[in-house]
Amino acid sequence: MIVSIASGKGGTGKTTVAASLTRVWKRPLVAVDLDVEAPNLHLFLRPVIEESGPAWIEIPVVDESRCTFCQACSELCQFKAINVLGSVVLTFPEMCHGCGGCIAICPERAISPGKRELGEISRGRAGSTEFLMGRLKIGEAMSPPLMRQVKSRLKDMICASGRDAIIDAPPGVSCPAVNAVMDSDVIVLVTEPTPFGFHDFKLAWEAFAPFGKPMGVVINRAGIGNREVYSFCAEKEIPLLAEAPYERAVAEAYARGRIIADLSPEFRNIFVSLYAKIFELAAGTLLMEAPHA
Ligand code: SF4
Ligand code: SF4
């Protein structure tokens, strides 16, 4: 089973939930940080990194001596990463998504594949949990191609070992966030009961609902803010999977890179219960008891 931990905005406690869930997961697991622009799951899980290497994207390299400037490549590229201006072919590698379309379409075989470094992929182990992480190069804007490579590595690991996966997804509702959750079996949305939290939670729910995946909510910092998110979940029948209370000890643990499931038996039980509810949600047996408004 693949579970994505997602949120409409950063700072809701998404990584805290992913790390705590990893701690209580009973089956063989891969913990994956797909928040490649700002990965931080490793700060909590503290894996031993066993392997790390660069991730590349394939970009076009044009041999103008073979080019007839027919423009087939520039007409194909929706990202405007290759352009023909008269008798000059301009490429913009930082805008290229590495689809290889221009290379395939060129009738003169004037385009060959080059490569550009996107970031790095690391693999390691935190106790019995396998760990996988992508990290985008500083200044690099193209996160989906790196995420695809991390997901491809994840797929190989899952196929080889039959492990479950917990994905710490990027926050928000843009391409990277959608890319992270789209192949999951269950989506867990983490929010906080504040007006900002509710606003972005709603956007995330609207963005991910069309996938038709089982989706539930974890309310972090419960006890602050207002009840808007509870009312919305009650109205839409979005199951409340867990509530983590707002306590100073949690903030201190977070600041020290500690996992909150380790704080006390009460906190551990929150995530043990969340683990069970995720399986019920996936199986369709979770009592659809929406949060009380
Ligand atoms: S498709 Fe090939 S031949 Fe045509 S303009 Fe592009 S590089 Fe040149
Ligand atoms: S590989 Fe794809 S995205 Fe990159 S320049 Fe060619 S057509 Fe455009």
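No experiment lies behind these values; they were computed from the predicted model shown. (Residues numbered from 1 in each chain as written. Chains lettered and ligands numbered in written order. Predicted model: local features only at pLDDT ≥ 70, side-chain atom pairs only at ≥ 80, totals over all residues.)

**What about the sheet that holds strand β10 (residues 215-222)?**
Strand pairing within a sheet occurs via backbone hydrogen bonds; the two strands may be parallel or antiparallel. A sheet is described by the order of its strands in space; here nine strands give the open sequence β3-β6-β7-β2-β8-β1-β9-β10-β11, paired in mixed fashion. Only two strands of the sheet have a single partner each, and these edge strands are β3 (48-62) and β11 (240-245). Neighbour-to-neighbour, the strand axes of this sheet turn through a mean angle of 20°, independent of strand direction. Summarising the sheet, strand β2 (residues 29-33) and strand β8 (residues 164-168) pair through five bridges and their orientation is parallel. Residue pairing across strands places D33 opposite D168, the latter belonging to β8. (Pairing = 2+ DSSP bridges. Helix = DSSP H or I, 4+ residues; strand = E, 2+ residues; numbered from the N terminus. Axes fitted to C-alpha atoms, helices over the stretch in contact; angles between N-to-C directions.)

**Looking at the domain arrangement of the chain**
How big an interface is tends to be stated in terms of the accessible area lost upon association of its parts. Partitioning the chain into domains gives domain 1 (2-55 + 120-283) and domain 2 (56-117). Tallied by class, residues from the side of domain 1 that touches domain 2 come to four nonpolar, no polar and one charged. (Domains from an automatic or database assignment. Nonpolar A, V, L, I, M, F, W, Y, C, P; charged D, E, K, R; others polar.)

**Description of the environment of S152**
Its location among the elements puts S152 in helix α5 (residues 143-161). Given 11 C-beta atoms within 10 Å, S152 falls into the exposed group. (Buried ≥ 20, exposed ≤ 12 C-beta atoms within 10 Å, placed from the backbone.)

**Considering the packing of helix α1 (residues 14-24) against helix α10 (residues 265-283)**
At their nearest, the axes of α1 and α10 sit 9 Å apart, and the two run at 80° to each other. By the angle class used here, α1 and α10 are roughly perpendicular. Residue-level inspection shows S20, L21, R23 and V24 of α1 in contact with α10, the latter providing R268, F271, V272, L274 and Y275. Partitioned by chemical class, the residues of the contact of α1 with α10 number six nonpolar, one polar and two charged. (Parallel < 35°, antiparallel > 145°, perpendicular 65-115°, else oblique. Contact = placed C-beta atoms within 7 Å.)

**What about the site of ligand 1?**
In the vicinity of ligand 1, 14 residues are found, and the nearest of them are C67, C70, A72, C73 and C106. For the shell around ligand 1, a count of residues per class yields eleven nonpolar, two polar and one charged. (Near = placed C-beta within 6 Å.)

**Things to note about the pairing of strand β1 (residues 2-6)**
Of all five residues in β1, five are buried; the element is thus mostly enclosed. The alternating pattern of β1 places I2, S4 and A6 and V3 and I5 on opposite faces, both of which are buried. Relative to β8, β1 runs parallel, the two sharing four bridges. For S4, the partnering residue across the bridge sits in β8 and is I167.

**Notes on the environment of C102**
As for its placement among the helices and strands, C102 is situated in helix α4 (residues 101-105). By the C-beta count within 10 Å, which is 23 here, C102 ends up buried. Residues C102 and V178, 76 residues apart in the sequence, show an inter-C-alpha distance of 26 Å. Filtering out sequence-adjacent residues up to four positions away, C102 remains in contact with P60, C73, L76, C77, I82 and I111.

**A look at the nonpolar core**
Core analysis: the largest hydrophobic core is formed by 82 residues, its most contacted members being I5, A6, V32, I166, I167, V188 and L189. Top contributing element to this core by residue count: α10, with six residues. Shared between two domains, this core takes at least three residues from each, and those domains are domain 1 (2-55 + 120-283) and domain 2 (56-117). Beyond its immediate stretch of four places on either side in the chain, A6 contacts K14, A169, A177, A180, V181, I187, L189, A204 and F208. (Core = buried A, V, L, I, M, F, W, Y, C linked by C-beta atoms within 7 Å.)

**What to know about α5**
With 19 residues, α5 ought to run about 27 Å at 1.5 Å a step, and its terminal C-alpha atoms sit 27 Å apart, in line with that. Regarding α5, the residues found buried are S143, P145, L146, M147, V150, K151 and L154. Each element contacted by the buried residues of α5 is listed here: β2, β3, β6 (111-126), β7 (129-136), β8 and α6 (175-181). Within two residues after α5, G162 carries a phi angle of roughly 70°, on the positive side. (Expected span 1.5 Å × (residues − 1).)

**Quick look at unusual backbone geometry**
With a phi close to 75°, Q71 is a non-glycine residue in the positive phi region. With respect to the helices, strands and loops of the structure, Q71 is situated in the loop between β3 and α3 (72-76). A positive phi angle is found at R109, which is not glycine, with a value near 50°. Secondary-structure assignment places R109 in the loop between α4 and β6.

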